[in-house]
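As a plain string of letters, each chain reads:
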Amino acid sequence: MDSIEKIVINNLYKIFGPDPPQAMELLRNGKNKQEVYEDTGNTIGVQDASFSINQGEIFVVMGLSGSGKSTLVRMLNRLIEPTSGEVLVDGENVLTMNHADLVNFRRSKTSMVFQSFALMPHLNIIDNVSFGLELAGMNKQQRYERSLAALQQVGLEGWENAYPKELSGGMQQRVGLARGLAVDPDILLMDEAFSALDPLIRTEMQDELLKLQDQHQRTVVFISHDLDEALRIGGRIAIMEGGRVVQVGTPEEILQNPADDYVRAFFRGVDPTGVISAGDIARDNQPTSIWHTSQGSLRAILEKLNDMDREYAYILDSQRRFRGMVSIDSLRTTLEHRTAATKFEDAFLADAQAVLESDSLQDILPLVASHPWPVPVVNEAKKYKGVVSKNRFLRTLYRAENGNASVQAE
């Protein structure tokens, strides 16, 4: 199914300082961020950002401190007013909304979770979670029902009458997340939401977010400076430097084809076998044949392999689902010893098994290393997607570790 664009950002700028128009003119004339600051005293927060975010994905924006990532996310709901550009949400430009429409947009369509828990110590947990709903004018029964449901989603059912001081840091961050979820937003904006937590608790919160995403498929824009976090939760990642969006792509795409030395340095030291999946490098370049219930086509497959000078064939059904593998040797042996009871699948290689396209290279390494044939790759429906050969596997690792372009088809 094709992806649906939820948020589209076009030529978005934010310039802080006394004369943004003057700074914009200098940028158009080729000046860089530092030169603009020296000439005008204006600071470029975000420069000409253009990309889209798909409905239902976790989209991570990452970069070093001062790269503009927090400024960018705050412009999506106009907590920071952009200098110029467009932010389209479901086709509607947020930058042209009047005050009433903007307030409604923030209350009903988006919610934001910050690094700071920002819980009010004098309110119990359910009142902290329902505070935004109260401001929106929702009656007590409705807001409590929604808040209890949100607390249940983050695993804090039964803590609604406690106070923030009674909760650990991780639990307090769960309350902050529940407050964002209580609005039941289409879009969840998370600005370094887990960065203040201890590593173990941070991992638990990442797991919680992924679990919630499986249940509700919200569009999540997640700001982070932590590469491990970005790789763990991000479907796609935008890398920012000096206010510019340098590259947007899946972790696999960025790792295999970094846009420049800055991105390459960001990903240096990342183990590619944990990031790149079997589906990313599978190639449909091996002989295939349709599975039959009789032995009649065994000789035809053998002749086909001999003609192509290939050792193995991958047997699929009429729906391209993987059924098994045969080799020249297994076909010859089956034909030499066939009887009236011989079946087509008697020629199948007993220890040939497929891997899922979502399996990482780390997952499939034992199979690739221990078998002489290219390992078949299938999707969740068992449909054949191609194979991963030893050569392909090793070339991918070499290219990824050296920051070169992705491997070409063999």
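Every chain is numbered independently, its residues counted from 1 as its sequence is written. In view of the model being predicted, local features appear only for residues whose pLDDT reaches at least 70, and side-chain atom pairs are presented and counted only at 80 or more, with totals across whole chains, interfaces and linings using the full set of residues. Side-chain calculation: all heavy atoms of the structure are included, whereas hydrogens and water are not.

(A) Main features of the packing of helix α7 (residues 140-153) against helix α8 (residues 169-182). The N-to-C vectors of α7 and α8 enclose an angle of 130°; their axes lie 8 Å apart at closest approach. In terms of their interaxial angle, α7 and α8 are classed as oblique. Crossing of α7 against α8: the hand is right-handed. Of α8, the residues touching α7 (which contributes Arg146, Ser147, Ala150, Leu151 and Gln153) are Ala178, Leu181 and Ala182. Counted by class, the contact of α7 with α8 contains 5 nonpolar, 2 polar and 1 charged residues. Angles run from 0 to 180 degrees between N-to-C directions of axes, and those axes are lines fitted to C-alpha atoms, restricted for helices to the stretch in contact. Strands here mean DSSP runs of E at least two residues long; helices mean DSSP runs of H or I at least four residues long; both are numbered from the N terminus. Angles are sorted into four bins: roughly parallel if under 35 degrees, roughly antiparallel if over 145, roughly perpendicular if 65 to 115, and oblique for all others. We call a crossing left-handed when the near helix sits turned anticlockwise from the far one by less than a right angle, and right-handed when that turn is clockwise. Throughout, a contact is declared for two residues whenever any of their heavy atoms are within 4.5 Å. Gly is put with the polar residues, along with every residue not named as nonpolar or charged; the nonpolar set is Ala, Val, Leu, Ile, Met, Phe, Trp, Tyr, Cys and Pro, and the charged set is Asp, Glu, Lys and Arg.

(B) Expanded view of the sheet that holds strand β10 (residues 244-249). Strands are labelled as partners when DSSP assigns at least two bridges between them. The sheet built from 6 strands is open, its strands ordered β6-β7-β8-β3-β9-β10 with mixed pairing. On the outer flanks of this sheet lie β6 (110-114) and β10, each paired with one strand and no other. Averaged over all neighbouring strand pairs, the angle between strand axes comes to 15°, with direction disregarded. The sheet strands contacting α8 are β6 and β7 (187-191), and the helix crosses β6 at an angle near 170°.

(C) Quick look at the environment of Ser108. Tracing the backbone through its elements, the reader meets Ser108 in helix α4 (residues 99-108). For Ser108, a relative accessible area of 39% translates into the label partly exposed. The spatial distance from the C-alpha of Ser108 to the C-alpha of Ile187 is 9.5 Å, given a sequence separation of 79 residues. Those residues within four positions of Ser108 in sequence are excluded, and the remaining contacts are Val183, Asp184 and Pro185. Buried means the residue's accessible area, taken with a 1.4 Å probe over protein chains only, is under 20% of the maximum for its type, while exposed means over 50%, and partly exposed covers the values in between.

(D) Main features of helix α16 (residues 361-370). Taken residue by residue, α16 has Leu361, Ile364, Leu367 and Val368 as its buried positions. Each buried residue of α16 lies within a common arc of 120° when the element is viewed along its axis, so the set occupies one face. Looking at α16, the residues exposed on the side facing more than 90 degrees away from the buried face are Pro366 and Ala369. Each direction from the helix axis to a C-beta atom contributes to the arc, which is the arc of those directions.

(E) Local environment of the packing of aromatic side chains. Stacked, tilted and edge-to-face are the three classes assigned to paired rings of Phe, Tyr and Trp, where Trp is represented by its six-membered ring and a pair needs centres within 6.5 Å; plane angles under 30 degrees give stacked, over 60 edge-to-face, the rest tilted. Enumeration according to the criterion identifies 5 aromatic pairs in this entry. Each ring, one from Tyr314 and one from Tyr384, has its centre 5.9 Å from the other, and the planes form 35°; the classification is tilted. Separated by 70 residues along the polypeptide, Tyr314 in strand β12 (residues 312-316) and Tyr384 in strand β16 (residues 384-388) bring together distant segments of the chain. Side by side, Tyr314 and Tyr384 carry an identical accessibility label, which is buried.

(F) Representation of the pattern of salt bridges in the model. Salt bridges are identified by distance alone: a Lys or Arg side-chain nitrogen within 4 Å of an Asp or Glu carboxyl oxygen. If you walk through the whole model with that rule in mind, you get 18 salt bridges. Between Arg236 and Glu57 there is a salt bridge, with its nearest N and O atoms 2.7 Å apart. On the criterion of sequence distance, the pair formed by Arg236 in strand β9 (residues 236-241) and Glu57 in the loop between β2 (43-54) and β3 (58-63) is long-range, its members being 179 residues apart. Residue classification places Arg236 among the buried residues on the basis of a relative accessible area of 17%. In this structure, the salt-bridge partner of Asp90 is Lys109, at a minimum N-O distance of 2.8 Å. Placement of the pair is Asp90 in the loop between β4 (84-89) and β5 (92-93) and Lys109 in the loop between α4 and β6, with a sequence separation of 19 residues. The exposure class assigned to Asp90 is partly exposed, which follows from its relative accessible area of 40%. Three or more residues are tied together by salt bridges with common partners; here these are Lys6, Asp90, Lys109 and Asp186.

(G) Seen up close, the pairing of β10. Pairing between β9 and β10: 5 bridges, direction antiparallel. Among the inter-strand pairings, Glu241 is bridged to a residue of β10, identified as Arg244. Turn length for the β9-β10 hairpin, with the two strands adjacent in sequence and antiparallel, is 2 residues, and the turn residue Gly242 shows positive phi of about 55°.

(H) Structural detail: the sheet that holds β4. Read across the sheet, 4 strands follow the order β2-β1-β4-β5 without closing on themselves; strand pairing throughout is antiparallel. Each end of this open sheet is capped by a strand with a single partner; those strands are β2 and β5. Direction of pairing for β4 relative to β5: antiparallel, over a ladder of 2 bridges. Its bridge partner being in β5, Val89 is matched across the sheet by Glu92. The strands touched by helix α1 (residues 20-28) are β1 (5-16), β2 and β4; relative to β1, the strand with the most contacts, the crossing angle is about 105°.

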